[in-house]
Amino acid sequence: MNGSRIAAVGHYQPAKVLTNEDLAGMVDTSDEWIRSRVGIRTRHIAGPDEPVDELAAHAAAKALAAAGLTPGDIDLVLVATSTAVDRSPNMAARVSARLGIPSPAAMDVNVVCAGFTHALATADHAVRAGAATRALVIGADKMSEVADWTDRTTCVLVGDGAGAAVVEACAPGAEPGIGPVLWGSVPEMGNAVRIEGTPARFAQEGQSVYRWATTQLPPIARRACERAGLTPEDLAGVVLHQANLRIIEPLAQKIGAVNAVVARDVVESGNTSAASIPLAFSKLVERGEISSGEPVLLFGFGGNLSYAGQVVRCP
């Protein structure tokens, strides 16, 4: 089986920006309180007329354009999201309809903050097995719709957005551009991150998540590098789930990627759940902070407590 690669990436964020000062007028908080605890300065918020599939379609269209492809070139659409309102049609079908993709396999993946890396692995497996030729893999969430805007411990975290990647087969004999995935979960701790109830609301046990992420995940991330035949020192970039700067920085340090650019998009985008990794990765690529062909660790973690990581080659 041939390996697969990421041919191009794209991202999209709503125009409205919500600052820490804006939040201070809504709940008992301040810019200093937010920045000292989670490192976030701003976040983008979608309006009531901007559904999740619209955010996803904008990001996907950018990725398609960057790859020089048309909607007709895609035969698999995977959308990682945990903020779909309706059960059917799913987000992938709605995005496909918006883009005019003629007859794709269309599936949603709900692994919350680790959704994109799970979906990317699924696309890689499908292409390797010959079940798909080219796939659109999208992470998109509208966290503002499930936020409790009276809870200062969670509403300061969230933002909205989408990121996308085009995945295609590598040329015969070429080195795979998407490394083996390392994934798993801690089901007995699943309640530490929740989006539940009617209406659905986001809640978490912040200290439990922090301890788990900073102590249990570093060796798992290093093993993902080993599966790709690399050491952390070989990495040119590290894109972790953009949960909280106070998690990202110690986790990146403990992984040992001393030569890598570490994505810190959470500062300007907040926690966008499944969108956070492709959104941050696309920005690094757009700014030229990582060169084509260089190895980048993508590592998602969060809800369920799930995790999934793989080393990819920068498009």
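Refer to the preceding data block for the structure.
Residues numbered from 1 in each chain as written. Predicted model: local features only at pLDDT ≥ 70, side-chain atom pairs only at ≥ 80, totals over all residues. Heavy atoms only, no water.

### Observations concerning the sheet that holds strand E1 (residues 4–12)
Two modes of strand pairing occur in sheets, parallel and antiparallel, and in both the strands are linked by backbone hydrogen bonds.
Then step 1. If you trace the 5 strands from one edge of the open sheet to the other, you get E1-E7-E6-E4-E5, paired in mixed fashion. The strands lining the two open edges of the sheet, one partner per strand, are E1 and strand E5 (105–109). Sheet twist, expressed as the mean angle between neighbouring strand axes with direction ignored, is 15°.
Then step 2. Of the strand pairs in this sheet, strand E6 (residues 134–142) and strand E7 (residues 160–169) are connected by 9 bridges, and their pairing is antiparallel. Among the inter-strand pairings, Asp141 is bridged to a residue of E7, identified as Gly161.
Then step 3. Together, E1, strand E4 (76–80), E5, E6 and E7 form the strand contacts of helix H5 (residues 115–128), whose direction differs from that of E4 by roughly 165°.
Then step 4. Against the sheet, helix H10 (residues 276–286) contacts E1, E6 and E7, and its axis sits at roughly 95° relative to E1. (Pairing = 2+ DSSP bridges. Helix = DSSP H or I, 4+ residues; strand = E, 2+ residues; numbered from the N terminus. Axes fitted to C-alpha atoms, helices over the stretch in contact; angles between N-to-C directions. Contact = heavy atoms within 4.5 Å.)

### Some words on helix H7 (residues 217–227)
Then step 1. Leu217, Pro218, Ile220, Ala221, Ala224 and Cys225 are the residues of H7 that are buried. Down the axis of H7, the buried set is contained in an arc of 165°. They therefore lie on one face.
Then step 2. Lining the buried residues of H7 we find strand E8 (182–185), helix H6 (206–215), helix H8 (245–255), strand E13 (295–302) and strand E14 (306–313).
Then step 3. Once H7 finishes, Gly229 follows within two positions and takes phi at roughly 75°, a positive value. (Buried < 20%, exposed > 50% of the residue type's maximum accessible area, 1.4 Å probe, protein only. Arc of directions from axis to C-beta.)

### Structural notes on the sheet that holds strand E11 (residues 237–240)
Then step 1. With mixed pairing, 5 strands are arranged side by side in an open sheet as E8-E14-E13-E11-E12. Both edges of this open sheet fall to E8 and strand E12 (261–262), since each of them pairs with a single strand only.
Then step 2. Where E13 lies against E14, 8 bridges are found, and the strand directions are antiparallel. Bridge pairing links Leu297 to Val311 in E14.
Then step 3. Contacting E8, E13 and E14, H7 runs over the sheet at an angle of about 140° to E13.

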